[in-house]
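# Results of the structural survey
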Amino acid sequence: MKFRKKDLFAHIINITFFVLTWLFINSGLFVAGRVENVEDFFKMHIVSSSLGYNNLYQIVGVTFTVLFVLSSARVLDMDNPYMLIKYNRDGFVKHKIKRMAVNTVLFVLEYIVVHIFFCIIFCKFSVLTEVRFFLCMLLFYISLFEYFIIVGMSMQFLQYLFKFKNAYMVVPIILFCALTIGQNTLGVNIAPVYFSDFISDFVESGIFDWYSYAVNTVETVIVFFILAILSRITFLKRDIIIDEKTES
């Protein structure tokens, strides 16, 4: 899998955005100083999934979702029509699914690594180990990957459905942001990102809902394969290349 210059540029933009967002949201640490105990750790909310950098209501569910969609569009680009000759139609779809999966792994990894990096700088290491911060981040990483891979697979299906028109980027942004805002406004747990909202309870009380976590993972796998099958069927049945050339 070839790593292109625009891929590197996109990842640099992602990391820069994550860093600036973390520093802006947690700017109070520059005044308060290094976190030396668990009480101060919780007061700063730097690990909370309902406040701060991991805020699922606005930061992840809206801002970073938009960033992911815009950043991931390059993965689905038809860089070269001759790719269809190399992979054939079915192989082309599978190739794009693999690229989206790798892109999602890297996107979430960049997000989590930025958080861990600054927490290590601003927090006493013994505090992080006491609250099981690193285990929490591992579980959070998996959960966020499950969310963003569904966003990415939705993009791929919609791209083929709309025959490469830019609506395939607009619709996921509207859909997933609307689900997030609906959750925040109506209190209805319908947005996929809110399956990640276990961090605060786990860190503060040590209670982790393994059953819900497992169910969410199974549901993600099912939705992933449904979207993959729909993408394959849609791409194989439509004259995608002619329509794309017409668009250009």
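Use the structure listed above.
These lines cover the structure that appears in this document, whether it is placed above or below. (Residues numbered from 1 in each chain as written. Predicted model: local features only at pLDDT ≥ 70, side-chain atom pairs only at ≥ 80, totals over all residues. Heavy atoms only, no water.)

Turning our eyes to something else, we now look at unusual backbone geometry. Phi at arginine 132 takes a positive value of approximately 55 degrees, unusual for a residue other than glycine. Relative to the assigned elements, arginine 132 resides in the loop between α6 (125-130) and α7 (133-161). Arginine 132 gets classed as partly exposed once you look at its relative accessible area, which sits at 37%. (Helix = DSSP H or I, 4+ residues; strand = E, 2+ residues; numbered from the N terminus. Buried < 20%, exposed > 50% of the residue type's maximum accessible area, 1.4 Å probe, protein only.)

Our focus in this paragraph is the state of the cysteines. Across all of its chains, the model carries zero disulfides by this definition. Lacking any disulfide linkage, cysteine 119 is separated from the closest cysteine sulfur, that of cysteine 123, by 5.0 Å. Judged by its relative accessible area of 0%, cysteine 119 falls in the buried class. (Disulfide = S-S within 2.5 Å.)

Between helix α1 (residues 5-25) and helix α4 (residues 56-76), the shortest axis-to-axis distance is 9 Å and the interhelical angle comes to 165 degrees. Between α1 and α4, the angle falls in the class roughly antiparallel. Here α1 runs over α4; the crossing is right-handed. Side by side, α1 and α4 meet where Lys6, Asp7, Ala10, His11, Asn14, Phe17, Phe18, Thr21 and Ile25 of the first sit next to Ile59, Thr63, Phe64, Leu67, Ser71 and Arg74 of the second. Among the residues forming the contact of α1 with α4, the class breakdown is seven nonpolar, five polar and three charged. (Axes fitted to C-alpha atoms, helices over the stretch in contact; angles between N-to-C directions. Parallel < 35°, antiparallel > 145°, perpendicular 65-115°, else oblique. Left-handed = near helix turned anticlockwise from the far one by under 90°. Contact = heavy atoms within 4.5 Å. Nonpolar A, V, L, I, M, F, W, Y, C, P; charged D, E, K, R; others polar.)

Residues Val218, Ile222, Ile226 and Leu230 make up a contiguous nonpolar surface patch of about 340 Å² in total accessible area. By the secondary structure assignment, isoleucine 222 is in helix α10 (residues 210-237). (Patch = residues over 30% accessible without salt bridge, like charges linked within 9 Å, V, L, I, M, F, W, Y side chains within 5 Å. Areas by Shrake-Rupley, 256 points an atom, 1.4 Å probe, with all protein chains shown as cover. Salt bridge = Lys/Arg side-chain N within 4 Å of Asp/Glu carboxyl O.)

On the surface, a cluster of negative charge is contributed by Glu36, Glu39, Asp40 and Glu130. Structurally, the position occupied by glutamate 36 is in the loop between α2 (29-32) and α3 (38-44). (Lys, Arg positive; Asp, Glu negative; His and termini not counted. Charge placed at Lys NZ, Arg CZ, Asp CG, Glu CD.)

This paragraph deals with the nonpolar core. Taken as a class, soluble globular proteins show a tendency for nonpolar side chains to be buried jointly. Ranked by internal contacts, the top residues of the largest apolar core, which has 57 residues, are Phe64, Tyr111 and Phe148. Those elements that place two or more of their residues in this core are α1, α3, α4, α5 (83-122), α6, α7, α8 (167-186) and α10. Here this core gets 16 residues from one element, more than from any other, and that element is α7. (Core = buried A, V, L, I, M, F, W, Y, C linked by side-chain atoms within 4.5 Å.)

As a further point, take the pattern of salt bridges. Here the structure, examined in full by the defined rule, presents two salt bridges. Across the pair arginine 74 and aspartate 7 runs a salt bridge, and its minimum N-O distance is 2.6 Å. With a gap of 67 residues between them, arginine 74 in helix α4 and aspartate 7 in helix α1 connect regions that are remote in the sequence. With a closest N to O distance of 3.2 Å, arginine 99 and aspartate 7 form a salt bridge. Placement of the pair is arginine 99 in helix α5 and aspartate 7 in helix α1, with a sequence separation of 92 residues. Across this residue pair, the class does not change: arginine 99 and aspartate 7 are buried. The network of salt bridges with shared partners includes Asp7, Arg74 and Arg99.

Function cannot be read off these values alone, since they describe shape.
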